[in-house]
Amino acid sequence: MASVAIILGSVRPGRAGDQVVRWIEDQARQVEGVQTVFFDLRDYDLPLFAEEMPPSMQAPELPEAVRLRANLEANDAVLFVTPEYNHSVPAALKNAIDYLPPATLKEKAVGLVGYSWYGAVKPLEHLREIVSTFGADVREQQVGINLGSDFQDGVFTPSEELGVQIRELLASLA
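Residues numbered from 1 in each chain as written. Predicted model: local features only at pLDDT ≥ 70, side-chain atom pairs only at ≥ 80, totals over all residues. Heavy atoms only, no water.

Moving on: the packing of helix α3 (residues 91-98) against helix α4 (residues 121-132). At a closest axis distance of 11 Å, the pairing of α3 and α4 adopts a crossing angle of 10°. The orientation of α3 with respect to α4, classified from their angle, is roughly parallel. In this structure, α3 uses Leu-93, Lys-94 and Ile-97 to contact α4, whose residues at the interface are Leu-127, Ile-130 and Val-131. Each residue belonging to the contact of α3 with α4 can be placed in one class, and the counts come to five nonpolar, no polar and one charged. (Axes fitted to C-alpha atoms, helices over the stretch in contact; angles between N-to-C directions. Helix = DSSP H or I, 4+ residues; strand = E, 2+ residues; numbered from the N terminus. Parallel < 35°, antiparallel > 145°, perpendicular 65-115°, else oblique. Contact = heavy atoms within 4.5 Å. Nonpolar A, V, L, I, M, F, W, Y, C, P; charged D, E, K, R; others polar.)

This is the structure in structure tokens:
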């Protein structure tokens, strides 16, 4: 069975990402050979990256960075879930990624899910570029969720088409 780490890139109160992650976990139960493990960036105390050496030269030793890296390395694949902040990813997500040595994601299967009023086109594009520099095996298929059409009165109401997309993405990560 392939274990997929789900990383939620938003840390703000009232985030829509909690609903998205729960839905992904539900959909994963329908995909044979996939189990998910949720890692919430809220649970990591990662100050703004200011290490003397970049992670490509020396792995960060901050205990929270070591814990994040170990949690990702312990899984077969990673699924990043990101909102759109100013046409990109949230600072908390980018900061967490900055703590990772390149080997953490090298050749690891990576999937991308985003949500915004515009289907998360820009943050998914940026996130793909960021994790690709690690040598990650980023899946071509990604899932973009629209806060207008896929949410009703603040409640995530995904279409069956979105369900098919996420199950296909999860299967490809396995």
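Further notes follow.
As a further point, take the nonpolar core. Membership of the largest hydrophobic core comes to 28 residues, with the highest contact counts inside it found for Phe-80, Leu-105 and Val-110. Breaking this core down by element, the ones donating at least two residues are β1 (2-8), α2 (63-73), β3 (77-83), α3, β4 (109-116) and α4. No other element matches the four residues that α4 contributes to this core. Residues in contact with Leu-105, not counting those within four places in the same chain, are Val-78, Phe-80, Leu-100, Val-110, Val-131, Phe-134, Gly-135 and Ala-136. (Core = buried A, V, L, I, M, F, W, Y, C linked by side-chain atoms within 4.5 Å. Buried < 20%, exposed > 50% of the residue type's maximum accessible area, 1.4 Å probe, protein only.)

Our next topic: α3. The α-helix winds at 3.6 residues per turn, so residues separated by three or four positions along the chain end up facing the same way. Within the sequence span of α3, burial applies to Leu-93, Asn-95, Ala-96 and Ile-97. Buried residues along α3 sit in contact with β1, α2, β3 and α4.

Moving on: the packing of aromatic side chains. To describe a pair of aromatic rings, you give the distance between the ring centres and the angle between the ring planes. Under the definition given, this model contains three aromatic pairs. The ring of Tyr-44 is capped by Arg-67, whose NZ or CZ atom sits 4.0 Å from the centre of that ring. (Phe/Tyr/Trp six-rings, centres within 6.5 Å; stacked < 30°, edge-to-face > 60°. Lys NZ or Arg CZ within 6 Å of the ring centre and 35° of its normal.)

Now for the UniProt feature "domain: NADPH-dependent FMN reductase-like" (unreviewed entry) in the chain. The UniProt record marks residues 4-146 with the feature "domain: NADPH-dependent FMN reductase-like" (unreviewed entry), using the residue numbering of this structure. Each end of residues 4-146 is marked by a C-alpha atom, and these two atoms are 23 Å apart; helix forms 30% of the span and strand 23%. (UniProt positions renumbered as here; feature names shortened; annotations may be inferred.)

Throughout the structure, instances matching the rule amount to seven salt bridges. Its salt-bridge partner being Asp-26, residue Arg-29 comes within 2.4 Å of it at the nearest N-O pair. Residue classification places Arg-29 among the exposed positions, given a relative accessible area of 63%. In this structure Asp-26 comes out as partly exposed when scored by relative accessible area, which is 41%. Residues joined by salt bridges that share partners form a network here, namely Arg-15, Asp-18 and Asp-40. (Salt bridge = Lys/Arg side-chain N within 4 Å of Asp/Glu carboxyl O.)

Moving on, we get to the pairing of β3. On a regular strand, one side chain projects to one face of the sheet and the next to the other, so that they alternate. With respect to burial, β3 is a largely interior element, seven of its seven residues being buried. Neither face of β3 is exposed, since Ala-77, Leu-79, Val-81 and Pro-83 on one face and Val-78, Phe-80 and Thr-82 on the opposite face are all buried. Sheet analysis places β1 next to β3, joined by five bridges and oriented parallel. Residue pairing for β3: Ile-6 is matched across the bridge by Leu-79. (Pairing = 2+ DSSP bridges.)

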